[in-house]
Number of protein chains: 2
Amino acid sequence: MSCIGILGGMGPAATVDFLGKLVALTPARCDQEHLPVVVSHLPQVPDRSRAILGQGPDPLPALLRGIALLNAAGAGLIAIPCNSSHHWYEAMAAASGAPILHIARTCVQALPAGGSACVLATRGALASGFYQRALAERQITADVPDPEAEQPWVDDCIRAVKAGDMAASGRALDEVLRRARQRGAATVIMGCTEIPLAMLYAHADGLALVDSSLELARACVQHGLAQGWNRGAAGSATPLPRAA
Amino acid sequence: MSCIGILGGMGPAATVDFLGKLVALTPARCDQEHLPVVVSHLPQVPDRSRAILGQGPDPLPALLRGIALLNAAGAGLIAIPCNSSHHWYEAMAAASGAPILHIARTCVQALPAGGSACVLATRGALASGFYQRALAERQITADVPDPEAEQPWVDDCIRAVKAGDMAASGRALDEVLRRARQRGAATVIMGCTEIPLAMLYAHADGLALVDSSLELARACVQHGLAQGWNRGAAGSATPLPRAA
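As the structure is a computational prediction, the values presented were derived from the model and not from experiment.

Criteria and thresholds
Residues numbered from 1 in each chain as written. Chains lettered and ligands numbered in written order. Predicted model: local features only at pLDDT ≥ 70, side-chain atom pairs only at ≥ 80, totals over all residues. Heavy atoms only, no water. Domains from an automatic or database assignment. Contact = heavy atoms within 4.5 Å. Buried area = accessible area lost by both parts, 1.4 Å probe. Polar contact = N/O pair within 3.5 Å; in protein donor to acceptor, adjacent residues only side chain to side chain. Nonpolar A, V, L, I, M, F, W, Y, C, P; charged D, E, K, R; others polar. Helix = DSSP H or I, 4+ residues; strand = E, 2+ residues; numbered from the N terminus. Least-squares fit on C-alpha atoms with pLDDT ≥ 70 in both.

> Just give me the short version of the domain arrangement of chain A, but keep the residues and values in it.
All names here are of chain A. In terms of domains, chain A is made up of domain 1 (3-102 + 214-231) and domain 2 (105-212). Distance between the C-alpha centres of domain 1 and domain 2: 21 Å. Counting residues at the interface gives 24 residues for domain 1, matched by 22 residues for domain 2. When domain 1 packs against domain 2, the two sides together hide about 1800 Å² of surface, and 54% of this comes from carbon and sulfur. Together, N83, H102 and E215 form the three largest contributors to the area buried by domain 1 at its contact with domain 2, with a combined 38%. Seen at the junction of domain 1 and domain 2, the total is 15 residue pairs in polar contact (both at pLDDT 80 or more). Taken together, the residues of the side of domain 1 that touches domain 2 sort by class into 12 nonpolar, seven polar and five charged.

Listed below in structure tokens is the structure:
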């Protein structure tokens, strides 16, 4: 029997949120109609953003151990509810028997083509550029926070969620959202899986919010149900959903 | 590196709740201070309560596959946030290299000795009797809902949570709690991991609530931190926490 594999723990609260979305999105009247999942929750993976910026150890070996575990556990599709780790997407996909959904590509599919979108993400993810590339493919202009005047608030927000300080995470986000509104932004991509958690404590009126974690969960559920994994179907050689 | 193994999916929302408690209970300032976890989320395991009552297929083979997966993934301690499945505790413990925490014994440790406690659980768990035995060991009288006048409300509550109908789950619980209060109950054991979720939608004033899922999570976190699993410590041959 095949299942959805989640490479998580990056961060821990974001993984709980993602698994909760996956369960909530599944139409089921009893346990047995839900999708089987294996979660490799590995918070010890070295900081992804710091590594991309050349300030910390390489997380790829730890990421690959998680991918190997999920494949060994029978995953037919893998989701990674951590945007920054997608800097290493190609290496993980090459090492994985199961296809891996790309969180940024999946998320950007939820947007109408054209226009612009503000991307809230880690410094590392923005430096890597995978959101900018995914947006460009859909003719959407990436509106990236100013590295000195705005990104520090995003950094603070993400750090506060990881430390469980939700009130502080919301306050940090308020300042970023205020400045985004001032710049005329209409759409904000929550391109770090901690940000939807902080958003519950922030003031986001007047902005359309796109949640990378929710879009990834939606794609997982659609694929898992289409493959019949909640009916005990085996999942070898399943085609990858469109957005990945 | 050792980790906490969670045999979950029974039900799915209860597993999300349990993992959330585990993360929230861990004192951590960043991802890397959190505990590593592997979750085998298997909602297809046949209904535990029905099997105990002789009305459905045996879930033990599926439970043992989950236990084997967690052991293969390096679990140093296993938690099962499903009370009814503890009917098969001895068989699972015998097949597992990693010790398995017993949810009912762990939960009952949270109570002061003596007095009585109302046990809300599945019909199967109550028929199995492991809560009654754990309570008797601490000289606590088990107050069990009347099988015909009260237990149907508990059954409805649990079914509603599994179907995602939270309002209905709370309404069903209200009736049980009203009757428990009428009988003079002061303490209620939420001896099914769906019940804490329903309780958010119920009226439980005047009752002390003991949450089997929370107590299990607390025991996991204490053990994981004591073993240093968030500092990359290997976990072979670790002694089981007291309550198990």
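> Please give an account of the side chain of K21 of chain B that cites residues and values.
Locating K21 of chain B in the fold gives a position in helix 1 (residues 12-25). Polar contacts involving the side chain of K21 of chain B include one to the side chain of D211 of chain B, which spans 2.7 Å.

> Which residues make up the relation of the copies chain A and chain B, and what values go with them?
Between chain A and chain B, which share one sequence, the superposing operator has a rotation angle of 180° and an axial displacement of 0.0 Å; the RMSD is 0.0 Å. Accordingly, the operation relating the two chain copies is best matched by a two-fold axis. By C-alpha distance to the rotation axis, the residue of chain A lying nearest is V39 of chain A, at 2.4 Å. When the interface residues of chain A are mapped onto chain B, 100% of them again fall at the interface, so both copies present the same face.

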